[in-house]
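So you can see what is in the structure, the chains are spelled out below.
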Amino acid sequence: MRRPVPSTALLLLPLLLLAGCTSAPGGDGDDDGGGAAADRWRPTPGTAWQWQLSGRLDTSVDVPVYDIDGFDHGEAAVARLHEDGRKVICYVSTGAWEDFRPDADEFPAAVLGKGNGWEGERWLDIRATDVLEPLMAERLDMCREKGFDAVEPDNMDGYKNETGFPLTGEDQLRYNRLIAKLAHDRGMSVGLKNDLDQIPELVDDFDFAVNEQCAQYGECAENQPFIDADKAVFHVEYELPTERFCGDSRALRLSSMLKKYELDAWREAC
């Protein structure tokens, strides 16, 4: 899950705000797995990126990867980024309900749990895959139809939080693998968002990782299985100055940058 914004920062955030490093430019890699895996994009360690989930989209950042909100941006925006040679990741929440999304009314009350610390959001009962799988499939269909190359599914660690449901680690593994399969079945790559404790079990199911604040909490080395598998770890800090984490990020080959909690266009790359 995304780290909660401090209360002072929350007052500054608009309702539609969603949260969730760049280092030296890196290249693209291909998964040598079976089926369509070899055709999927897989970013390699050190690949530079931009993560923007709020404000007018700024396409001027000279990086090979953009991560943007899948609902807020259409096919034309993705196409423009492709014309500039960028790969584009579709941000979409898969573990939490958001009352401001166009499909919010399709989620039955029985699968809505406690708030996750963000206005208008509640944890989902990820055990209810009969309900959630078709809803998430529709969201990933949207990403595919808009031309996205990959998916960043958010709120993928409910079992570690107070969701209102008795979720277990096995529940989370099952659900996260389901989301990865839905993305792969649609020809898109998929990233594991946070969920550090389950990286050893999930690294083979995901094509890259997205991490928030591992430096602040002394957790960055836990991303090593992705680096060892030649898969990028896209990493941001919000509260530490770059001099406090960029040296370690370079040593670990993370794609690190400093961002504001609102995830607008501003960034300070390693």
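Just above, that's the structure.
Residues numbered from 1 in each chain as written. Predicted model: local features only at pLDDT ≥ 70, side-chain atom pairs only at ≥ 80, totals over all residues. Heavy atoms only, no water.

Caption draft 1: Structural detail: the state of the cysteines. Overall, the coordinates contain three disulfides when judged by the stated rule. The disulfide partner of Cys-90 is Cys-143, and the gap between their sulfur atoms is 2.1 Å. When the S-S torsion is -55 degrees, as for the bridge of Cys-90 with Cys-143, the disulfide is left-handed. With Cys-90 in strand E5 (residues 87-93) and Cys-143 in helix H3 (residues 129-145), this pair connects stretches of sequence that are 53 residues apart. Take Cys-90 and Cys-143: they sit in the same class, and that class is buried. One disulfide bridge connects Cys-246 with Cys-270, the sulfur atoms lying 2.0 Å from each other. Taking the sign of the S-S torsion, -80 degrees for the link of Cys-246 and Cys-270, the bridge is left-handed. Pair noted here: Cys-246 is in helix H7 (residues 246-252) and Cys-270 is in the segment after strand E14 (268-269), with a separation of 24 residues, a long-range link. Accessibility assignment for this pair places Cys-246 and Cys-270 in one class, buried. (Disulfide = S-S within 2.5 Å. Helix = DSSP H or I, 4+ residues; strand = E, 2+ residues; numbered from the N terminus. Buried < 20%, exposed > 50% of the residue type's maximum accessible area, 1.4 Å probe, protein only.)

Caption draft 2: Representation of the pairing of strand E13 (residues 255-258). Alternating residues of E13 divide into Ser-255 and Met-257 and Ser-256 and Leu-258, and every residue in both groups is buried. The sheet contact formed by strand E12 (residues 233-237) and E13 spans four bridges and is parallel. Residue pairing across strands places Glu-237 opposite Leu-258, the latter belonging to E13. Following the chain from E12 across H7 to the adjacent parallel E13, one finds a crossover that is right-handed. Judged from the two bridges that link them, E13 and E14 form a sheet pairing that is antiparallel. Along E14, the bridge assignment pairs Leu-258 with Glu-268. (Pairing = 2+ DSSP bridges. Right-handed = clockwise from strand over helix to strand, strands pointing away.)

Caption draft 3: How the structure looks around unusual backbone geometry. The phi angle at Gln-213 is positive, at roughly 60 degrees, despite the residue not being glycine. As for its position among the elements, Gln-213 is in the loop between strand E11 (208-212) and helix H6 (224-228). Positive phi is not limited to glycine here, since Asp-230 has a value of about 65 degrees. Within the secondary structure, Asp-230 is located in the loop between H6 and E12.

Caption draft 4: Structural view of the side chain of Arg-186. Relative to the assigned elements, Arg-186 resides in the loop between helix H4 (169-185) and strand E10 (189-193). Overall, Arg-186 belongs to the buried group, its relative accessible area being 18%. Apart from residues lying up to four places away in sequence, Arg-186 is in contact with Ala-137, Leu-140, Asp-141 and Arg-144. (Contact = heavy atoms within 4.5 Å.)

Caption draft 5: Seen up close, the pattern of salt bridges. As enumerated under the stated definition, the model contains 16 salt bridges in all. For Arg-40, the salt bridge is made with Asp-207, and the minimal N-O distance between the two is 3.6 Å. Of the two residues, Arg-40 sits in the loop between strand E1 (28-30) and strand E2 (41-43) while Asp-207 sits in the loop between helix H5 (199-202) and E11, which places them 167 residues apart along the sequence. Given a relative accessible area of 8%, Arg-40 falls into the buried group. In this structure, Lys-193 engages Glu-152 in a salt bridge whose closest nitrogen and oxygen atoms are separated by 2.6 Å. Of this pair, Lys-193 sits in strand E10 while Glu-152 sits in strand E9 (residues 150-154), and the two are 41 residues apart along the sequence. The pair formed by Lys-193 and Glu-152 is uniform in burial state, with each residue classed as buried. One network of salt bridges, in which partners are shared, links Asp-69, Asp-72, Glu-98, Arg-101, Asp-103 and Arg-139. (Salt bridge = Lys/Arg side-chain N within 4 Å of Asp/Glu carboxyl O.)

Caption draft 6: Spotlight on the sheet that holds strand E3 (residues 49-52). Spatial strand order, E3-E4-E5-E9-E10-E11-E12-E13-E14: nine strands in an open sheet with mixed pairing. The two strands at the open ends of the sheet, each matched to only one other strand, are E3 and E14. By the bridge criterion, five bridges tie E5 to E9 in an arrangement that is parallel. Looking at the pairing, Ile-89 lines up with Ala-150 of E9. Along the sheet, H4 makes contact with E9 and E10, crossing E10 at roughly 155 degrees. (Axes fitted to C-alpha atoms, helices over the stretch in contact; angles between N-to-C directions.)

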